[in-house]
Amino acid sequence: MSSILITGASKGIGRATAAELARRGHRVVATARDPQTLRDLDVAQRLRLDVTDQASVDAAVAQAGEIDVLISNAGVIFRAAVEASPAAEIERLYALNTVGAIRVTQAVLPQMRERRQGRLLFVSSVGGRTVFPGNAAYAATKWALEAFGEALAMEVAGFGIDVTLAEPGPVSTGALDDPLAYRLPNDPYAALSATGGITGEMSSPDEVAVAIANLVEQPTVPLRAPVGAIAERVIAARNAAPYDRPFVRA
């Protein structure tokens, strides 16, 4: 049994993962900005944790006690062409999706390093390896997370800590049904945005949760783990394509 802290457990992938790991007998510390959203989760602890607030992060980690595995899942999305993306909204995405993940990692690392054991699992995205029109800001936060994760893996390997980046394709959490979007007047990018994205069947949160729980329980983990058939197909195509021009996802 591992002691596992999960950020962003109020809904979607985080909530499904908390339930799956608890079902498997692990000690799960589920966190969210509003802990009332966690009240019906059957887990060991339900804590307030806002990844953008250092005091909130420090308090939650102190209350959680010993943490074997961090699942960094909290994140948000919006859609917009680069020209139409408000700078303040880009900063908000980085604060939540990237800097927030790093802040929580920094909070749990000292205890893992002292024990010389731990696992840091980041919920990235197929968007952390590929892009499409209208998704630049979100993808950029995940590409940045992937860079931090890879560098971190090099830094902590000698302390018995491993790092893995789970990369789901589109997931039927509801977040993609009608995402926050920004458009210019008489939107000149409308046609591009309409044709961008991944087509095909979405994974369910429960399917992604099973994959993440398996990564928690594996003796060793890869640095990157595509989750779902669409993610595997798209990332394989990206790896096979040349890097001297934009990759258009099919």
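Residues numbered from 1 in each chain as written. Predicted model: local features only at pLDDT ≥ 70, side-chain atom pairs only at ≥ 80, totals over all residues. Heavy atoms only, no water.

Draft legend 1. Region of the structure containing the packing of helix α3 (residues 87-115) against helix α4 (residues 136-156). For the pair α3 and α4, the least separation of the axes is 8 Å and the interaxial angle reads 20 degrees. What the angle tells us is that α3 and α4 run roughly parallel. Crossing geometry of α3 relative to α4 is assigned as right-handed. Contacts between α3 and α4 involve I90, L93, Y94, N97, T98, A101, I102, T105 and L109 on the former and, on the latter, A137, Y138, A140, T141, A144, L145, F148, L152 and V156. Tallied by class, the residues present in the contact of α3 with α4 amount to 14 nonpolar, 4 polar and no charged. (Axes fitted to C-alpha atoms, helices over the stretch in contact; angles between N-to-C directions. Helix = DSSP H or I, 4+ residues; strand = E, 2+ residues; numbered from the N terminus. Parallel < 35°, antiparallel > 145°, perpendicular 65-115°, else oblique. Left-handed = near helix turned anticlockwise from the far one by under 90°. Contact = heavy atoms within 4.5 Å. Nonpolar A, V, L, I, M, F, W, Y, C, P; charged D, E, K, R; others polar.)

Draft legend 2. Geometry of the packing of helix α1 (residues 12-23) against helix α6 (residues 205-217). Contact pair α1 / α6: the axes reach a minimum separation of 8 Å and the direction vectors enclose 55 degrees. Taken as axis vectors, α1 and α6 run oblique relative to one another. Between α1 and α6 the crossing geometry is right-handed. Residues G12, I13, A16, T17, E20 and L21 of α1 pack against P205, D206, V208, A209, V210, I212, A213 and V216 of α6.

Draft legend 3. Geometry of the pairing of strand β5 (residues 118-123). Among the 6 residues of β5, 6 are classified as buried, and the element is accordingly described as predominantly covered. Here β5 shows a buried face lined by G118, L120 and F122 and a second buried face lined by R119, L121 and V123. Here 4 bridges tie strand β4 (residues 69-72) to β5, and the two strands are oriented parallel to one another. Bridge assignment links L70 to a residue of β5, and that residue is L120. The β-α-β motif built from β4, the intervening α3 and the parallel element β5 has right-handed crossover chirality. Sheet topology places β5 next to strand β6 (residues 161-168); 6 bridges connect them, and they run parallel. If you follow F122 over to β6, its bridge partner there is L165. In terms of handedness, the path from β5 via α4 over to β6 forms a crossover that is right-handed. (Buried < 20%, exposed > 50% of the residue type's maximum accessible area, 1.4 Å probe, protein only. Pairing = 2+ DSSP bridges. Right-handed = clockwise from strand over helix to strand, strands pointing away.)

These results come straight from atomic positions and should not be treated as a statement about function.
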